[in-house]
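Structure assessment
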There are 2 protein chains.
Amino acid sequence: MNVEIINTGNELLNGKIKNTNVEWLIKKITKLGARIIQYSVIPDDLDVICSTLQAALEHPADVIITSGGLGATYDDMTLTAISKVVNRPLKLNQRALEMVELKFEYAKKLGWTYANLISKHWKKMAVIPEGSTPIENPPGAAPAVQLEHNGKTIFALPGPPNELHAIFRNAIRPFLKERIKKKVPDTHFYVKGLIEPTISGIIDETYRKFEGIWVKSHPMLHTGKLMLEIHITLQDGYDSAELVENAKDYFIKEIEKLGHGQVITELEA
Amino acid sequence: MNVEIINTGNELLNGKIKNTNVEWLIKKITKLGARIIQYSVIPDDLDVICSTLQAALEHPADVIITSGGLGATYDDMTLTAISKVVNRPLKLNQRALEMVELKFEYAKKLGWTYANLISKHWKKMAVIPEGSTPIENPPGAAPAVQLEHNGKTIFALPGPPNELHAIFRNAIRPFLKERIKKKVPDTHFYVKGLIEPTISGIIDETYRKFEGIWVKSHPMLHTGKLMLEIHITLQDGYDSAELVENAKDYFIKEIEKLGHGQVITELEA
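Residues numbered from 1 in each chain as written. Chains lettered and ligands numbered in written order. Predicted model: local features only at pLDDT ≥ 70, side-chain atom pairs only at ≥ 80, totals over all residues. Heavy atoms only, no water.

Some remarks on the packing of aromatic side chains
Selection criterion: Any two rings among Phe, Tyr and Trp, with Trp reduced to its six-membered ring, count as a pair given centres within 6.5 Å; such a pair is stacked if its planes are under 30 degrees apart, edge-to-face if over 60, and tilted if neither. Whether a charge sits over a ring depends on NZ of Lys or CZ of Arg being within 6 Å of the ring centre and within 35 degrees of the ring normal.
Counted under the stated rule, the structure contains 13 aromatic pairs over all chains. Between the aromatic rings of tyrosine 207 of chain B and tryptophan 214 of chain B, the centroid separation amounts to 6.1 Å while the plane-to-plane angle is 85°, which identifies the pairing as edge-to-face. Pairwise contacts between aromatic rings join Tyr207 and Trp214 of chain A together with Tyr74 of chain B into one cluster. The cationic tip of arginine 179 of chain A hangs over the ring face of phenylalanine 175 of chain A; the distance from NZ or CZ to the ring centre is 3.7 Å.

And the structure:
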């Protein structure tokens, strides 16, 4: 199960706001056992949103998750972009309108809005691509949207983190859980006392011997000491947890053969 | 001055590593007054790196910064991708080799490498696209690379944060400082007691009256109270700090006309 993420919002690019959504989504989605194939952070620019969505539809993603751009203002244009790219006209959705009206009444009660009648700006949040399904947004005003297109599922989520979290938990997590048959096999360990260029030969040799795996090494500090963290994962399109374990065994044996450095499978706290 | 960022690395997509590089770069670069037009986080996959670079070369970016994929192993393929996309063969660079050799001698002294002679894996880090310039990497082994192509400058930085930070400070910050003539005009303030759909009309009206600005509102919590943070920035291709200030004045007056909510220009600590 491959997932691509697209975050829209100038505020994510101008240094004012930390993009906490994408880290949160990656953590939750990979924990469920799906694979994030890439993510993009783009401005509120219709052409850029369209071309990024178009590219995502051509990537091997099963699910595309967008965040941001669902609100009531002119620069909230994610659904316009989706509508263009999947060629489905925007239409007022009756179920979405009910969701928005409920929020309007609630905002009136709290004094957060001053009008008596729901305005076109509120109604804009219920205008979604034809054939898509609105998803309730418990803490926010704009419903999320789910849409099937050419065998892929697009989820358009609002940008505010509390809204995105709630919708993910209520709608996307169950969706993914039902469909993820096998988790991506993954293992990791640590090498102390050697640096990357020194063990590059072993990494390359492991690649050659075990087709279908990814070996990633990256330097880290643990209790002040330099270490290499080694991850071995299965590449997309391969299906064997055994391959990952065999590659790990081979890798560790080769490091031990060097007579230098030390392999650690679990770090002390 | 427009900057696009591309981070490569499976470890940034599998939930194991937080992408601190991009947040750090955005902060530093926008503070200098440049504009980040978008960023992508992609796997160690040659085709994906090539197509992402190709797309970036077609975007209105003056500078493209990549991070990751400069190391000694097979899956470090950023320079291979750059070489393909800009059509310049990879060649052993003498200046880069000197940098790498120095690091090899240093690693030998520290006992981080056990070989007496520098291996092909170490040498790989000195193989860079023809016509590009190696940049010293004080804390790491792989030099960074600078390359001019079709009026754009590509900087390829290593992935480890301490290496990226050092190279940014020593080489990229001075490069940008010299070339950034004007900072992107930018202002912000806060609205208390109203929610986004309620003030969407004012946002849209501000867009209509002041062509060339971006207005972004986003909900935030400050000392437990819901507020809207409003940012007004100049769009790419426009050049008037006055426009931003005029739009701000107009916006604040319109909010005040409502007789609801409250505008705050500075938050109390």
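Overview of the interface of chain B and chain A
Many analyses report the size of an interface as the accessible area lost when the parts associate. Applicable threshold: Contact between two residues is taken to exist if any of their heavy atoms lie within 4.5 Å; hydrogens are not considered. Buried area is understood as the total, over both parts, of accessible area removed when two parts are fitted together, assessed with a 1.4 Å probe. By definition here, a salt bridge exists when the distance from a side-chain nitrogen of Lys or Arg to a carboxyl oxygen of Asp or Glu is within 4 Å. In protein, a polar contact requires one atom able to donate a hydrogen and another able to accept it; more generally it is a pair of N or O atoms within 3.5 Å, and residues adjacent in sequence count only if both atoms are side-chain atoms. Starting at the N terminus, helices and strands are each numbered in turn, a helix being any DSSP run of H or I of at least four residues and a strand any DSSP run of E of at least two. If DSSP finds at least two bridges between two strands, the strands pair.
Across the contact, 62 residues belong to chain B and 62 residues belong to chain A. Here chain B and chain A share an interface that buries about 5400 Å² over both sides, 59% of which is from carbon and sulfur atoms. Taken together, the connections running from chain B to chain A amount to 4 salt bridges. A salt bridge links lysine 216 of chain B to aspartate 44 of chain A; the shortest N-O distance between them is 2.8 Å. Inspection of the region where chain B meets chain A yields 15 residue pairs in polar contact (both at pLDDT 80 or more). Among the secondary structure elements, those contributing two or more residues to the side of chain B that touches chain A are α1 (20-32), β2 (35-42), α5 (120-124), β9 (186-192), α7 (196-209), β10 (213-222) and β11 (225-234) of chain B. The element best represented in the side of chain B that touches chain A is α7 of chain B, accounting for 8 residues. One ladder, built from 3 bridges, connects strand β2 (residues 35-42) of chain A with β2 of chain B; its direction is antiparallel. Within the sheet, the bridge partner assigned to serine 40 of chain A lies in β2 of chain B and is serine 40 of chain B.

As for the environment of glycine 159 of chain B
All names here are of chain B. For the record, the criterion: Only protein chains enter the area calculation, which uses a 1.4 Å probe; residues under 20% of their type maximum are buried, those over 50% are exposed, and those in between are partly exposed.
Residue placement: glycine 159 occurs in the loop between β8 (152-157) and α6 (161-179). The class for glycine 159 is partly exposed, based on a relative accessible area of 24%. Each C-alpha atom of the pair glycine 159 and leucine 70 lies 7.7 Å from the other, and the pair is 89 residues apart in sequence. Ignoring anything within four residues of it in the chain, the contact list for glycine 159 reads Asn21 and Gly68.

Considering the sheet that holds strand β8 (residues 152-157) of chain A
Test applied: Only the stretch in contact is used when fitting a helix axis, every axis being a line fitted to C-alpha atoms; angles between N-to-C directions are given from 0 to 180 degrees.
The strand order β6(A)-β7(A)-β8(A)-β3(A)-β1(A)-β2(A)-β2(B)-β1(B)-β3(B)-β8(B)-β7(B)-β6(B) describes an open sheet built from 12 strands, whose pairing is mixed. Across the chains shown, the open sheet's two edge strands, defined by having one partner strand only, are β6 (133-135) of chain A together with β6 (133-135) of chain B. On average, each strand axis in the sheet is tilted by 15° relative to the strand beside it, whichever way the strands run. Strand direction decides the pairing type here: strand β3 (residues 63-67) of chain B and β8 of chain B, joined by 5 bridges, are parallel. Across the sheet, serine 67 of chain B pairs through a bridge with leucine 157 of chain B, a residue of β8 of chain B.

Things to note about the domain arrangement of chain A
Worth spelling out the cut-off: The source of the domain bounds is an automatic or database domain assignment.
Considered domain by domain, chain A is made up of domain 1 (2-179) and domain 2 (186-264). Averaged C-alpha coordinates put domain 1 of chain A and domain 2 of chain A at centres separated by 38 Å.

Topic: the pattern of salt bridges
When the charged atoms of two side chains lie near each other, side chains of opposite charge can form a pair. Residue and element names in this part refer to chain B. Applying the stated criterion to the full structure yields 16 salt bridges over all chains. Where glutamate 130 meets lysine 91, a salt bridge forms, and the shortest distance between an N and an O atom there is 3.3 Å. Within this pair, whereas glutamate 130 is found in the loop between β5 (127-129) and β6, its partner lysine 91 is found in strand β4 (residues 90-92), the two being separated by 39 residues in sequence. Classification of lysine 91 as partly exposed rests on a relative accessible area of 45%.

Quick look at the environment of leucine 228 of chain B
All names here are of chain B. By the element assignment, leucine 228 lies in strand β11. Sequence-wise, leucine 228 and proline 197 are 31 residues apart; in three dimensions their C-alpha atoms are separated by 11 Å. Not counting the four nearest positions on each side in its chain, leucine 228 is found in contact with Phe189, Tyr190, Val191, Leu194, Ile195, Glu196, Ile199, His218 and Pro219.

Notes on the relation of the copies chain B and chain A
As a reminder, the rule being used: What sets the superposition is a least-squares fit of C-alpha atoms, and only residues with pLDDT of at least 70 in both copies go into it.
After a rotation of 180° and a shift along the axis of 0.0 Å, chain B superposes on chain A with an RMSD of 0.0 Å. What the rotation and shift describe, once combined, is the action of a two-fold rotation axis. Across chain B, the rotation axis passes nearest the C-alpha of serine 40 of chain B, at a separation of 2.1 Å. A symmetric contact is evident, with 100% of the interface residues of chain B recurring at the interface of chain A.

With respect to helix α8 (residues 241-258) of chain A
Residues and elements named next belong to chain A. The following threshold applies: A helix is expected to span 1.5 Å for every residue after the first.
Taking 1.5 Å as the rise per residue, α8 with 18 residues should run 26 Å; its terminal C-alpha atoms sit 27 Å apart, in good agreement. Those residues of α8 that fall on the buried side of the exposure criterion are Val244, Ala247, Lys248, Tyr250, Phe251, Ile252, Glu254 and Ile255. Tucked inside the fold, the buried residues of α8 contact β9 (186-192), α7 (196-209), β10 (213-222), β11 (225-234) and β12 (262-264). Just downstream of α8, glycine 259 is the residue with a positive phi angle, here 75°.

Observations concerning the pairing of β2 of chain A
Residues and elements named next belong to chain A. Note the cut-off: With the strands aimed away from the viewer, a crossover counts as right-handed if its path from the first strand over the helix to the second runs clockwise.
Burial of β2 is extensive: 8 of the 8 residues sit out of reach of the surface. With 7 bridges connecting them, strand β1 (residues 2-8) and β2 associate as parallel partners. Its bridge partner being in β2, isoleucine 6 is matched across the sheet by serine 40. Handedness of the crossover joining β1 and β2 through helix α1 (residues 20-32) is recorded here as right-handed.

Structural notes on the sheet that holds β11 of chain A
All names here are of chain A. The 4 strands are arranged β10-β11-β9-β12 in an open sheet whose pairing can be described as antiparallel. A strand with exactly one partner marks an edge of an open sheet, and here the two such strands are β10 and β12. In this sheet, adjacent strand axes meet at a mean angle of 30° when their direction is disregarded. Sheet strands in contact with α8 are β9, β10, β11 and β12, and its direction is about 10° off that of β9.

Here's the deal with the packing of α7 of chain A against α8 of chain A
Residues and elements named next belong to chain A. Test applied: For classification, angles of less than 35 degrees are called roughly parallel, those exceeding 145 degrees roughly antiparallel, those between 65 and 115 degrees roughly perpendicular, and all remaining angles oblique. For any pair of crossing helices, the crossing counts as left-handed if the nearer helix is rotated counterclockwise from the farther one by less than a right angle, and right-handed if it is rotated clockwise. For this classification, the nonpolar set comprises Ala, Val, Leu, Ile, Met, Phe, Trp, Tyr, Cys and Pro, the charged set comprises Asp, Glu, Lys and Arg, and every other residue, Gly included, is treated as polar.
Relative orientation of the contacting elements α7 and α8 amounts to 150°, with a least axis distance of 10 Å. The orientation of α7 with respect to α8, classified from their angle, is roughly antiparallel. Helix-helix and strand crossings are classified by hand; for α7 and α8 the assignment is right-handed. Counted together, Ile199, Ile202, Ile203, Glu205, Thr206 and Lys209 of α7 and Ala247, Tyr250, Phe251, Glu254, Ile255 and Leu258 of α8 form the full contact between these two elements. Split into classes, the residues belonging to the contact of α7 with α8 amount to 8 nonpolar, 1 polar and 3 charged.

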